[in-house]
Amino acid sequence: MSSLLKEIRRNPLLWLLVFVPVVLVAEQLELESHTLLFVLSVLAIVPLAGLLSHATESVAAKTGDTVGGLLNATLGNLTELVIALAALRAGQYTLVKASIAGAIVTNSLFMLGASFLLGGLRYHTQEFNRVGARFQAGLLFLATVALLIPSAVAEVDTSTGTKLTATLSLGLSVLLIGAYALGLVFSLKTHRELFAAVGGEASHEDVLPIGVAIGTLAVVTVLVALVSEVFVASVQIAAESFGMSPAFVGFIVVAIVGAAAEMTSAFSAARKNRLDMSVGIALGSASQIALFVAPVLVLLSYVMGPAPMDLQFWPGAVLMVLIATLTAALVTSSGKSAWFVGVLVLTVYAIFALTLYLLPPLTS
Amino acid sequence: MSSLLKEIRRNPLLWLLVFVPVVLVAEQLELESHTLLFVLSVLAIVPLAGLLSHATESVAAKTGDTVGGLLNATLGNLTELVIALAALRAGQYTLVKASIAGAIVTNSLFMLGASFLLGGLRYHTQEFNRVGARFQAGLLFLATVALLIPSAVAEVDTSTGTKLTATLSLGLSVLLIGAYALGLVFSLKTHRELFAAVGGEASHEDVLPIGVAIGTLAVVTVLVALVSEVFVASVQIAAESFGMSPAFVGFIVVAIVGAAAEMTSAFSAARKNRLDMSVGIALGSASQIALFVAPVLVLLSYVMGPAPMDLQFWPGAVLMVLIATLTAALVTSSGKSAWFVGVLVLTVYAIFALTLYLLPPLTS
Amino acid sequence: MSSLLKEIRRNPLLWLLVFVPVVLVAEQLELESHTLLFVLSVLAIVPLAGLLSHATESVAAKTGDTVGGLLNATLGNLTELVIALAALRAGQYTLVKASIAGAIVTNSLFMLGASFLLGGLRYHTQEFNRVGARFQAGLLFLATVALLIPSAVAEVDTSTGTKLTATLSLGLSVLLIGAYALGLVFSLKTHRELFAAVGGEASHEDVLPIGVAIGTLAVVTVLVALVSEVFVASVQIAAESFGMSPAFVGFIVVAIVGAAAEMTSAFSAARKNRLDMSVGIALGSASQIALFVAPVLVLLSYVMGPAPMDLQFWPGAVLMVLIATLTAALVTSSGKSAWFVGVLVLTVYAIFALTLYLLPPLTS
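In this text, all values refer to a predicted model and were calculated from it rather than measured experimentally. (Residues numbered from 1 in each chain as written. Chains lettered and ligands numbered in written order. Predicted model: local features only at pLDDT ≥ 70, side-chain atom pairs only at ≥ 80, totals over all residues. Heavy atoms only, no water.)

Draft legend 1. A look at helix α2 (residues 19-28) of chain A. Residues and elements named next belong to chain A. When we look at burial in α2, the residues that qualify are V20, V23 and A26. Taken end-on, α2 shows its buried residues confined to a sector of 135°, consistent with a single buried face. Packed against the buried residues of α2 are α3 (34-62) and α10 (210-241). E30 occupies a position one or two residues after α2 and carries a positive phi of about 50°. (Buried < 20%, exposed > 50% of the residue type's maximum accessible area, 1.4 Å probe, protein only. Helix = DSSP H or I, 4+ residues; strand = E, 2+ residues; numbered from the N terminus. Arc of directions from axis to C-beta. Contact = heavy atoms within 4.5 Å.)

Rendered as structure tokens:
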């Protein structure tokens, strides 16, 4: 417990934890101001995501490389999953999909680009393990194909479209989870030596004791779930009062809030010239959301949602995921980086953000 | 003749040749069961394709590198060409186009991916000549552009579309055949040393004598043509009774039947760590169909078909060819492979197969 | 002045300067023949563009690397800019956009491909600095994304589309100019050593004295502007009488006329085995038009045009720019070239040219 308190004292971000009780009390008081609830829930989710990520890494560090890798690979985006589940249960499928696509785009463009830029401002050129980047880019490409196909098919045929898309999405989800599982066997088991640099540098000195870590994991997940309810209920109305389009909210705001903790790690690694780790976090997180979180949400929608969710995304979102995947594949293929690579990637992200900001509300 | 019999004894696949007379007799008897005719014709085409491929290679081996290379480059996909011609004469243009697109996709995804997987299950990592892969991927990319353009133009303008598409397809066919011919000059003549590894390993020990080989070539081509008539006449109705969509039949079934012989060679080479040869067969076959077989069919449609055929494909097919080309280019660019690369490529193929299987019948 | 005359005597292309007074007089006489005016204006623009390019390089050579690089980067496509401004002032936005897209495609396919082919016909294989090619391809990719997005958004929503597209185009223009400016800082200042080979070889021996160069720059720009007026006014009608579609004129004819001077330099460098310089001119020119000329035209349209111009292009043009960018990225990624690479790239260009030639007139 004292190690947890030490962690909190050390990391100013965690001081925001004070907003967790505040937002939960505010919700009980049935405040009318959605804007206030939204701001409070964002301020509460960010430190919770940080704690969750730290606890996952601590458990992973104690359980050895393979089990630890598996844990990171399944719980690494727990925050995104819990927020999306809250939106799923509320039947807000447009928000769920926007947050999935947005998380892929934000991780593979904003997190990657800002890491390149921040690292490049300190070091003239930087190098990283391109085998790892290639592997993650390959997984991302696969997920992009799986998102492209239902959208393309839906265009072809509108009459039998709905039922077809549902069956297709179910099958694609199983294929994606299968490919993700085999990818874990490849990277953690049969060919782990290829990914050595990334794993080796990821070890932290200040891990939590295993009991504290598991306890933190359980308690914080419940807290994230509770705060996510408030967040999901308030985000759309609050966004409108800020003049943002719903697409912008799902794609940019939710994605950045969900990934805030990982961004802190990725950026700090880039500033320490450990770009392997930054690229690993950014692309690993993107491919995990695309091949694990998204299909799991489709499967869970049959149990928890008001209706089955499919993998058919808004064509604009599919285009953005496609461009993000291509960009990530192109800029990581050389294994080298300089500050302008970061500028290029961030400008692609800025083009998306600007477009989404100006976009009028869509109906689906 | 005895060498032919020895070959038949050595290769169990050729025992299926017994189905050739069976299917031809069955057709004469005017059997009502299309399903039976379909199964018999598939069983007859597979060994014929194997013989055809073996005879072509034997002639090629006897006539020296350049002429032999030319023969392989023009007759290497004779089975696909003969099947497509049967469909062309029957006016089944949708089937012709589906089988062209399907052959490109099946060769560049299924044959390539399965070679990577089968080789990777035996060897930790494998290497191959990436200049050859790059060359074939470049040709495939060119063909993809030629397929994209008429489809994009047809969307723009529907009134004058038909005539425009016909003229355009004719022009594009000439351009593609020209590029293919120059590619042969490049790979067989001016820069053959860059492709050395592929050609060097392709030499077989057990070639047929030249007379037997040419005789086999002639006789087997006629037999393939006869059986293809049965195949084309029965495939659609049989497929429906198996519950398959016409798109699935053209794309997957016809393509796999047509390429069965080459697949045996590609897979066996991969298991012997001669991945150069596997990649060469898979991508070489795909680019040959795209740049030679498809345009030749367009030109022949003016002579043999009920009406001119164009290069305007169903948008979903164009998308799949585009993704297959991109996938092949990305996974071969490093010149290295491991089993998971095969899984990635095969999963892309599985996504296509699943989508086509679920697709309702299209009208054109 | 004598150095200018020496230059004119040395370079037979400049003898065409005689057509400058001819075309201006012909216009004053209010000739009825648009075809004649068109041919005369083309013959006059080509040498003027050559002089302009030579004068810019001379000023650049005198002012040191950084300022010189800046000058080349802003005035390098002055001819294209002046022609486009003439079309802009005439309200011919379709022609402006076609000439922008056409210039990108012509530079990155025709100029690049012909350089590869011409160089490859003399040398077995050639090498070039792939860092420079990568940088330019990255910039081009960014511009392609910026062109894709407004077209995709416009499809989504047609009611609020116009206003949205105008605002979006303005924002994207600012982003592109910003990225271009940072790219100059990167290539001319912080990481100039990476681009050394290109810059080093670009130095000419026969530069004009600074006074003559600046004078030439000023006078020739005015002359180009005057002749461009005639060119823009006559090109459409003349094209029709030649049987060319407006899309073909804007994309191919205007683009080749505008880039004629740079092509001479790129081709002659390729024949001297200085492929670094050819690739630099071709891709540098393409990215300059995409990230500097196009956005500047959008901004200037608010001041000089009858109405604001947006960045929403005809979908076929966007597709062609996308394919051209991908092609350039793929063929330059290895840093090596042989004649067939040129054939591949030129065939892609031929596919575009053929399609545009056959295309019926579009309304927008």
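Draft legend 2. Region of interest: the confidence of the model for chain A. All names here are of chain A. Looking at chain A as a whole, its pLDDT mean stands at 85, while 93% of the residues score no less than 70. The spread of mean pLDDT over the elements of chain A runs between helix α9 (residues 196-201), the lowest at 48, and helix α14 (residues 339-358), the highest at 94. Complex prediction metrics read pTM 0.90 and ipTM 0.88. (pLDDT = per-residue confidence, 0-100.)

Draft legend 3. Inspection of the interface of chain C and chain A at higher detail. Across the contact, 29 residues belong to chain C and 27 residues belong to chain A. Summing both sides of the interface, chain C and chain A together bury roughly 2,400 Å²; the carbon and sulfur share of this comes to 86%. Remark: the boundary between chain C and chain A carries zero salt bridges. Residue contributions to the side of chain C that touches chain A peak at 13 residues, all from helix α7 (residues 130-156) of chain C. Of the residues contributing to the side of chain C that touches chain A, the split by class is 19 nonpolar, seven polar and three charged. (Buried area = accessible area lost by both parts, 1.4 Å probe. Salt bridge = Lys/Arg side-chain N within 4 Å of Asp/Glu carboxyl O. Nonpolar A, V, L, I, M, F, W, Y, C, P; charged D, E, K, R; others polar.)

Draft legend 4. Layout of a nonpolar patch on the surface. All names here are of chain A. A cluster of nonpolar side chains, contributed by L170, V174, L299, Y302, V303 and M304, occupies part of the molecular surface with about 510 Å² of accessible area. Of all the secondary-structure elements, those providing two or more residues to the nonpolar patch are α8 (161-190) and α12 (275-304). Ranked by residues supplied to the nonpolar patch, first place goes to α12 with four residues. Position of V303 relative to the elements: it lies in helix α12. Looking at V303, the relative accessible area reads 68%, which means it is exposed. (Patch = residues over 30% accessible without salt bridge, like charges linked within 9 Å, V, L, I, M, F, W, Y side chains within 5 Å. Areas by Shrake-Rupley, 256 points an atom, 1.4 Å probe, with all protein chains shown as cover.)

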